[in-house]
Structure formats: structure tokens, C-alpha cells
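Architecture at a glance
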Amino acid sequence: MGFLKLQKNLELDVKSIDHEILKLKKELFNLRLKKINKQKFKSHSLKYIRCRIRQLSTIQNQNSI
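The shown structure was predicted, so the numbers you read here are calculated from the model rather than taken from an experiment.

Turning next to the nonpolar core. Counting eleven residues, the largest nonpolar core consists of Ile 17, Ile 21, Leu 24, Leu 28, Leu 31, Leu 46, Tyr 48, Ile 49, Ile 53, Leu 56 and Ile 59. Where this core is concerned, the elements lending two or more residues are α2 (14-36) and α3 (44-64). A per-element tally of this core places α3 first, with six residues.

This is the structure in C-alpha cells:
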């Protein structure tokens, strides 16, 4: 699970960015549930997903200006 390059993020359109953010938020919620219920999950995924959401949100804000 590597971080996507900035150039690939910039190529996304508004709808795909919204869709990707929503998908990542759902995945983050599911990982938090696994953590609370003491199920196995990859802990680095939490950091990766949060960082990816921040990247996409920043691009979304820059595009709206």
C-alpha cells in the first residue's frame, strides 16, 4: 500500500474525488470498528487512509478556488 503520486491525484475529476473520499471514510469507519472489537486488521491502514483523505480533500479545496 503505497501513497499515490501527486500527479495521479491531480488528474482526478471532482466526482471521482468525492466518490474516493466517501469510499475511504467508509473503510476508515470499518477499520475503527475492527479495532474496537479487537479483530485483526493492519494498523498501518489507519494512517494510510487518513493521509489519503487529507490529500484528496486538499486537492478538492484547491480545485474549488
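Right, picking up where we left off after that structure.
What follows covers the environment of Arg 32. Among the secondary structure elements, Arg 32 is positioned in helix α2. Here the alpha-carbon distance between Arg 32 and Leu 46, two residues 14 residues apart in the chain, equals 8.2 Å.

Let's shift gears to a positive patch on the surface. Judged by side-chain charge, Arg 32, Lys 35, Lys 47, Arg 50 and Arg 54 come together as a positively charged surface patch. Elements supplying a minimum of two residues to the positive patch: α2 and α3. With three residues, α3 is the single largest residue contributor to the positive patch. Relative to the helices and strands, Arg 54 is located in helix α3.

With 85% of its residues at a pLDDT of 70 or more, the protein has an overall mean of 88. Of all the helices and strands in the protein, helix α1 (residues 6-10) carries the lowest mean pLDDT, 65, while α2 carries the highest, 95.

Next up on the list: the side chain of Glu 20. The topology assignment puts Glu 20 in helix α2. Setting aside residues no more than four positions away along its own chain, Glu 20 makes contact with Arg 52 and Leu 56.

Rules used in this analysis
Residues numbered from 1 in each chain as written. Predicted model: local features only at pLDDT ≥ 70, side-chain atom pairs only at ≥ 80, totals over all residues. Heavy atoms only, no water. Core = buried A, V, L, I, M, F, W, Y, C linked by side-chain atoms within 4.5 Å. Buried < 20%, exposed > 50% of the residue type's maximum accessible area, 1.4 Å probe, protein only. Helix = DSSP H or I, 4+ residues; strand = E, 2+ residues; numbered from the N terminus. Patch = residues over 30% accessible without salt bridge, like charges linked within 9 Å, V, L, I, M, F, W, Y side chains within 5 Å. Areas by Shrake-Rupley, 256 points an atom, 1.4 Å probe, with all protein chains shown as cover. Salt bridge = Lys/Arg side-chain N within 4 Å of Asp/Glu carboxyl O. Lys, Arg positive; Asp, Glu negative; His and termini not counted. Charge placed at Lys NZ, Arg CZ, Asp CG, Glu CD. pLDDT = per-residue confidence, 0-100. Contact = heavy atoms within 4.5 Å.

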